[in-house]
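Residues per chain are reported as follows:
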Amino acid sequence: LQPVYSVGGSITQAWMRKTIRQALDQYGDEIGEILPEELVARRRLLPREEAIRRVHDPSTPEAGQEARRRLAYEELFLYQLKLQAYRALTREKADGIAHRFDREEIRAFVRALPFKLTGAQKRVIAEILDDMEASYAMNRLLQGDVGAGKTVVAAVALYATVKAGCQGALMAPTEILAEQHFRSLQALFASCGVQIGLLTGSLTSRQRRDLLAALQMGLVDIVVGTHALIQEDVFFRRLGLVVTDEQHRFGVEQRSLLRRKGLNPDVLSMTATPIPRTLAITAFGDMDVSVLDELPAGRKPVKTYWVRPAM
């Protein structure tokens, strides 16, 4: 078995193999273990020095795979440690908005809904409200299939930020989706006195100017929109909660621009993309993850079909 390296220019495979072999012969003994012994034993991992030697010169394909498994585990372990350290540092800063709202008012709003919430929705709402009351800035991913009821969960969170004297923003990737959310929120808040605005590229110059002025003066409690929300001339009086729907369709910088419209507002990202929970925690390690794993009563299951092309 011979290792194959990614080389270019005047560097050849033979030169690279010889150089790495010499490096391991001279300095291999200096390779120290960085994982706890208990973890290495429990996960049945190779010692670090042995894994690095084997991955460059495996005696069998199986030996090479064992070496790769050890090094891959180490890489992911260190990645998770970094994310958890970042998360702990973020929470220690306590520089977010500690929302102050009456829980009974929130419960009354939920009781007035024209449908009953599922157990999963109630659990997720409790997690979000706990985060919003804390002094650190919430950064939570809400994951659930189409029809699981993510919008009403976001509505409860937006209602809470309004009751705490703040404003909320919901950003959707398309005008059609933004208008759907706008109408849904209008229906849910019809009797609550909550002022909602819709900001998209379809507004006339006058409509846009009037809405931006009302938003800056605090006359609009919740604004729903597309990428138009992150333009430079959009200002809030006190932005407390940012909700992004289908968050995977926005870039990191786009989501960051909306968040910077306030002073460390809470962030709730929603997605229906079927990412397994464990993978979501890995990919979004600096986020808390809430999962809606229960469909509302009477909701028809989503069916997916694979249609072969005509021959």
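This one's a predicted model, so the numbers in the text were calculated from it and none came from an experiment.

Visitor: Please clarify how the overall build of the protein should be interpreted in this entry.
Guide: Within the protein, the secondary structure is distributed over eleven helices and seven strands. Judged by the C-alpha coordinates and their principal axes, the protein covers about 75 × 55 × 45 Å. Across the 311 residues of the protein, 41% fall into the buried class. Across the protein, contacts joining residues at least 24 apart in sequence account for 75% of those joining residues at least 6 apart. On the protein, roughly 18,000 Å² of surface is accessible, and the fraction owed to carbon and sulfur atoms is 54%.

Visitor: So what exactly am I meant to see when it comes to helix H1 (residues 13-27) here?
Guide: In an α-helix, one turn spans 3.6 residues, which is why side chains three or four residues apart end up on the same side. Its 15 residues place the ends of H1 21 Å apart at the C-alpha level, agreeing with the 21 Å of an ideal helix rising 1.5 Å per residue. When we look at burial in H1, the residues that qualify are Met16, Arg17, Ile20 and Leu24. The arc that holds every buried residue of H1, seen down its axis, measures 100°, which confines them to one face. Exposed positions of H1 whose direction lies more than 90 degrees from the buried face are Ala14, Asp25 and Gln26. Structurally, H1 contributes buried residues whose contacts are with helix H3 (48-56).

Visitor: Sorry, what's going on with the nonpolar core here?
Guide: Across soluble globular proteins, nonpolar side chains have a tendency to be buried as a group. Judged by nonpolar contacts, the single largest core of 43 residues is most densely connected at Met132, Leu185, Phe189, Ile222 and Val224. Those elements that provide at least two residues to this core are helix H5 (103-111), helix H6 (119-133), helix H7 (150-163), helix H8 (175-188), strand S3 (196-199), strand S4 (222-225), strand S5 (239-245) and strand S6 (266-271). Contact partners of Met132, with chain neighbours within four places excluded, come to Ile97, Ala98, His99, Phe101, Met138, Ala157, Ala160, Thr161, Leu241 and Asp266. By size, the runner-up hydrophobic cluster in this structure holds 18 residues, among which are Leu212, Ala214, Leu215 and Ile230.

Visitor: How should I be thinking about the environment of Thr200 in this particular structure?
Guide: When you line up the elements, Thr200 lands in the loop between S3 and helix H9 (205-217). Looking at Thr200, the relative accessible area reads 4%, which means it is buried. Excluding its chain neighbours within four sequence positions, the residues that come into contact with Thr200 are Glu175, Ala178, Thr226 and Ala228.

Visitor: Whenever I open this one, the packing of aromatic side chains confuses me. Can you help?
Guide: The description of an aromatic ring pair rests on the distance of the ring centres and on the angle between the ring planes. One pass over the full model with this rule turns up four aromatic pairs. On the numbers, 6.2 Å between centres and 15° between planes, the contact of Tyr73 with Phe77 is stacked. Taken together, the positions of Tyr73 and Phe77, both in helix H4 (residues 61-93) and four residues apart, correspond to about one turn of that helix. On the accessibility criterion, Tyr73 (23% relative accessible area) is partly exposed. Classification of Phe77 as partly exposed rests on a relative accessible area of 25%.

Visitor: So what exactly am I meant to see when it comes to a nonpolar patch on the surface here?
Guide: Taken together, the side chains of Val7, Ile11 and Trp15 present a nonpolar region at the surface, about 260 Å² in accessible area. Structurally, Val7 is set in the segment before H1. Given the relative accessible area of 32%, Val7 is considered partly exposed.

Visitor: Before we go on, may I ask you to explain the sheet that holds S5 in this structure?
Guide: Two pairing modes exist for strands in a sheet, parallel and antiparallel, and in both the strands are linked by backbone hydrogen bonds. The strand order across the open sheet built from seven strands is S3-S4-S2-S5-S6-S1-S7, with neighbouring strands paired in parallel fashion. Whereas interior strands pair on both sides, the edge strands pair on one side only; in this sheet they are S3 and strand S7 (288-292). Taken over all neighbouring pairs, the strand axes of this sheet differ in orientation by 20° on average, direction set aside. Judged from the five bridges that link them, strand S1 (residues 139-144) and S7 form a sheet pairing that is parallel.

Visitor: Got a minute to help me understand unusual backbone geometry in this structure?
Guide: As a rule of thumb, non-glycine residues mostly have phi less than zero, and peptide bonds are mostly trans rather than cis. Here the phi dihedral of Arg44 falls at roughly 55°; this positive angle occurs in a residue that is not glycine. The topology assignment puts Arg44 in the loop between helix H2 (37-42) and H3. Phi at Asn264 takes a positive value of approximately 50°, unusual for a residue other than glycine. Summarising the element assignment, Asn264 is placed in the loop between helix H10 (252-259) and S6.

Visitor: Help me out: how do you make sense of the layout of surface pockets in this one?
Guide: Considered as a void within the structure, the second largest pocket measures approximately 460 Å³ in volume. Together, 21 residues line the second largest pocket, and Gly147, Ala148, Gly149, Lys150 and Thr151 are the ones closest to its centre. Of all elements in the fold, only H7 and H8 reach the threshold of two or more residues within the lining of the second largest pocket. Ranked by residue count, the leading element in the lining of the second largest pocket is H8, at five residues. Residue composition of the lining of the second largest pocket, grouped by class: eight nonpolar, eight polar and five charged.

Scoring rules and cut-offs
- Residues numbered from 1 in each chain as written.
- Predicted model: local features only at pLDDT ≥ 70, side-chain atom pairs only at ≥ 80, totals over all residues.
- Heavy atoms only, no water.
- Helix = DSSP H or I, 4+ residues; strand = E, 2+ residues; numbered from the N terminus.
- Buried < 20%, exposed > 50% of the residue type's maximum accessible area, 1.4 Å probe, protein only.
- Contact = heavy atoms within 4.5 Å.
- Areas by Shrake-Rupley, 256 points an atom, 1.4 Å probe, with all protein chains shown as cover.
- Expected span 1.5 Å × (residues − 1).
- Arc of directions from axis to C-beta.
- Core = buried A, V, L, I, M, F, W, Y, C linked by side-chain atoms within 4.5 Å.
- Phe/Tyr/Trp six-rings, centres within 6.5 Å; stacked < 30°, edge-to-face > 60°.
- Patch = residues over 30% accessible without salt bridge, like charges linked within 9 Å, V, L, I, M, F, W, Y side chains within 5 Å.
- Salt bridge = Lys/Arg side-chain N within 4 Å of Asp/Glu carboxyl O.
- Pairing = 2+ DSSP bridges.
- Axes fitted to C-alpha atoms, helices over the stretch in contact; angles between N-to-C directions.
- 1 Å grid on protein atoms, 1.4 Å probe; cavity = no way out; pocket = protein on both sides within 12 Å on 5 of 7 lines; lining within 4 Å.
- Points joined across faces, edges and corners; volume = space filled by probe spheres on them.
- Nonpolar A, V, L, I, M, F, W, Y, C, P; charged D, E, K, R; others polar.

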